[in-house]
Amino acid sequence: MTSPEEFSRSGRVRHGELKGHKLAAEPEPIELDWAATALLIIDMQRDFMEPGGFGETLGNDVSPARARAVKPIAAVLDAARDTGMLVVHTREGHLPDLSDAPPAKVERGAPSLRIGDPGPMGRILIRGEAGHDIIPELYPLDSEIVIDKPGKGAFYATELGDVLQRYGIENLLVCGVTTEVCVNTTVREANDRGYRCVVLADGCASYFPEFHEMGLKMIKAQGGIFGWVSDSAAVLQGTFTGDFKTLAVAGHHDEHEHDGDCRQVRLSSRHCGRRATGTPSSASAPTSSSTCWC
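Residues numbered from 1 in each chain as written. Predicted model: local features only at pLDDT ≥ 70, side-chain atom pairs only at ≥ 80, totals over all residues. Heavy atoms only, no water.

A. A look at the packing of aromatic side chains. This structure, assessed with the given rule, holds two aromatic pairs. Between Phe208 and Phe211, the aromatic rings sit 4.8 Å apart at their centres with planes inclined by 50°, giving tilted as the arrangement. (Phe/Tyr/Trp six-rings, centres within 6.5 Å; stacked < 30°, edge-to-face > 60°.)

B. Structural context of the pattern of salt bridges. Here the structure, examined in full by the defined rule, presents 12 salt bridges. Across the pair Glu144 and Arg81 runs a salt bridge whose closest N-O atoms are separated by 2.6 Å. Of the two residues, Glu144 sits in the loop between strand S6 (122-123) and strand S7 (145-149) while Arg81 sits in helix H4 (residues 63-83), which places them 63 residues apart along the sequence. On the accessibility criterion, Arg81 (21% relative accessible area) is partly exposed. (Salt bridge = Lys/Arg side-chain N within 4 Å of Asp/Glu carboxyl O. Helix = DSSP H or I, 4+ residues; strand = E, 2+ residues; numbered from the N terminus. Buried < 20%, exposed > 50% of the residue type's maximum accessible area, 1.4 Å probe, protein only.)

C. Representation of unusual backbone geometry in the model. A cis amide bond links Glu26 with the next residue in sequence, Pro27, at an omega value of 10°. Position of Pro27 among the secondary structure elements: in the loop between strand S1 (22-23) and strand S2 (30-31). Look at the link from Val177 to Thr178: it is a cis peptide, with omega at -20°. Structurally, the position occupied by Thr178 is in the loop between strand S8 (171-177) and helix H7 (179-192). Here Asp43, not a glycine, exhibits a phi torsion of approximately 55°, which is positive. Positive phi is not limited to glycine here, since Leu125 has a value of about 55°. Structurally, Leu125 can be placed in the loop between S6 and S7. For Leu125, a relative accessible area of 1% translates into the label buried.

D. Quick peek at the nonpolar core. Core analysis: the largest hydrophobic core is formed by 67 residues, its most contacted members being Leu39, Met44, Leu172 and Val174. The biggest single contributor to this core is H4, with eight residues. Apart from the residues within four sequence positions on either side, Val174 is in contact with Leu40, Ile42, Val183, Val187, Cys197, Val198, Val199, Leu200 and Cys204. (Core = buried A, V, L, I, M, F, W, Y, C linked by side-chain atoms within 4.5 Å. Contact = heavy atoms within 4.5 Å.)

E. Helix H8 (residues 209-224), seen in detail. With 16 residues, H8 ought to run about 22 Å at 1.5 Å a step, and its terminal C-alpha atoms sit 21 Å apart, in line with that. The largest bend in H8 amounts to roughly 30° and is located at Lys217. All of the buried residues in H8 are His212, Gly215, Leu216, Ile219 and Gly224. Buried residues along H8 sit in contact with H4, H7, strand S9 (196-205) and strand S10 (228-230). (Expected span 1.5 Å × (residues − 1). Bend = angle between axes of the 7 residues up to and from the residue.)

F. Broad picture of the pairing of strand S3 (residues 37-42). Within S3, six of the six residues are buried, which leaves the element mostly enclosed by the surrounding structure. Side chains Thr37, Leu39 and Ile41 of S3 all project onto a buried face; the interleaved residues Ala38, Leu40 and Ile42 project onto the opposite face, where all are buried too. Here S3 runs beside S8; their pairing, made up of six bridges, is parallel. Residue pairing in the sheet places Leu39 in a bridge with Leu173 of S8. Pairing of S3 with strand S4 (residues 86-92), which is carried by five bridges, proceeds in the parallel orientation. Along S4, the bridge assignment pairs Ile41 with His89. (Pairing = 2+ DSSP bridges.)

G. Broad picture of the confidence of the model for the chain. Overall, the prediction assigns the chain a mean pLDDT of 82, with 74% of residues at 70 or greater. Considering only residues more than four positions removed or in separate chains, one finds that residues 245-294, a stretch of pLDDT under 50, has 114 contacts. (pLDDT = per-residue confidence, 0-100.)

H. Quick peek at H7. In this model, H7 (14 residues) spans 18 Å end to end at C-alpha, consistent with the 20 Å of a helix rising 1.5 Å per residue. The complete set of buried residues in H7 reads Thr179, Cys182, Val183, Asn184, Thr186, Val187, Glu189 and Ala190. Residues of H7 that are buried in the fold lie against S3, S4, S7, S8, S9 and H8. Two residues or fewer after H7 comes Gly194, characterised by a positive phi angle close to 95°.

I. Spatial organisation of the packing of H7 against H8. Close contact between H7 and H8 brings their axes to 9 Å; oriented N to C, the two are set at 15°. Judged by the inter-axis angle, H7 sits roughly parallel to H8. Read as a crossing pair, H7 and H8 show a hand that is right-handed. Residue-level inspection shows Thr179, Glu180, Asn184, Val187 and Arg188 of H7 in contact with H8, the latter providing Phe211, His212, Gly215, Leu216, Met218 and Ile219. Looking at the contact of H7 with H8 residue by residue, the class counts come to five nonpolar, four polar and two charged. (Axes fitted to C-alpha atoms, helices over the stretch in contact; angles between N-to-C directions. Parallel < 35°, antiparallel > 145°, perpendicular 65-115°, else oblique. Left-handed = near helix turned anticlockwise from the far one by under 90°. Nonpolar A, V, L, I, M, F, W, Y, C, P; charged D, E, K, R; others polar.)

As structure tokens, then:
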């Protein structure tokens, strides 16, 4: 992936160039500097979205959540890629030895399979297993950032804050699952760190429709106490049209120009997995011979 300096010089929209557009949102429209905005996609993993994963072991029907959120997220993701907007994916999961999984989390409730147990897609919520990975419809490009997180929030025990700071990000378009758990937790963490969050209502989902609705209400309550709520249509109309797209695409570099460069980031609480090969990285800790820190 290009460095922050290269990202700034590449011809993509720069800070301040397109301030002034107000995005339709609740509790009120919000003005965003698109050059300082990133798309943050929370935990769209097979373990949460497919039968046999952790979501189903908790007794949930995962199909409604998948049906609701995937298409809106995919539409915004495609447009973000067209414009060169910074894209960050997160994955919740743990090291194979469970050293980063508190017993209180592992032992909670009465799921049919617990974290670390063998399942149809490998060990449940374990990094490197098939179920831990992101669903094919939203699979990250080599140029996109993937944050491996051990908790509900994307900032806890990860380098997400450092990454956003390096790229000059001030605003986050947030989507993913589940609305009331990992999305809400991440938005609250981001709010405490000074980020302005716009949550895409149709790009989020819960196993419980009422929790989804209440989760969104809590974010936008009291004048937007944690952030704003919008939707994919408003974001696509306001963000990825006109001069923004023209300026962004004008600076887009052909992916093939970067063969051999470090184009991919895989971050966790233990390591940066930026790889020099450009191939999908393992969720396990990389070796020093295959990684670098640019």
